[in-house]
Amino acid sequence: MMENSPLGVILFSTVGLLSLFTIGFIIAMAIYLFIYVQRRVNAEIAERDLSQDKE
């Protein structure tokens, strides 16, 4: 069947599935970190702007 093709090895073997999980986890973590840092930077900028307005 498809067992000898690269796609078959990734989708149907234990090592292939673990590799896909690892790649997906790294991509999800990168997206999470990007959003987290972006929110923190925006909050810091807003806080700085508020403190400058008070002066």
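For the structure, see preceding data.
Cut-off values and rules
Residues numbered from 1 in each chain as written. Predicted model: local features only at pLDDT ≥ 70, side-chain atom pairs only at ≥ 80, totals over all residues. Heavy atoms only, no water. Salt bridge = Lys/Arg side-chain N within 4 Å of Asp/Glu carboxyl O. Buried < 20%, exposed > 50% of the residue type's maximum accessible area, 1.4 Å probe, protein only. Phe/Tyr/Trp six-rings, centres within 6.5 Å; stacked < 30°, edge-to-face > 60°. Helix = DSSP H or I, 4+ residues; strand = E, 2+ residues; numbered from the N terminus.

Whenever I open this one, the pattern of salt bridges confuses me. Can you help?
Close approach of charged atoms allows side chains with opposite charge to pair. Tallying each qualifying case throughout the model produces one salt bridge. One salt bridge in this structure joins Asp-49 and Arg-48, with 3.9 Å as the shortest N-O distance. On the basis of relative accessibility, which here comes to 34%, the residue Asp-49 falls in the partly exposed class.

How should the packing of aromatic side chains be read in this particular structure?
Applying the stated rule across the entire model yields two aromatic pairs. Ring centres 6.4 Å apart and planes at 25° place the aromatic pair Phe-21 and Phe-25 in the stacked group. Linking Phe-21 with Phe-25, this pair stays in helix 2 (residues 14-54), spanning four residues, or about one helical turn. Look at Phe-25 and you get partly exposed, because its relative accessible area is 48%. Taking the centre distance of 6.3 Å and the plane angle of 20° together, the rings of Tyr-32 and Tyr-36 count as stacked. With a gap of four residues between them, Tyr-32 and Tyr-36 both fall in helix 2, about one helical turn apart. Residue classification places Tyr-32 among the exposed residues on the basis of a relative accessible area of 52%.

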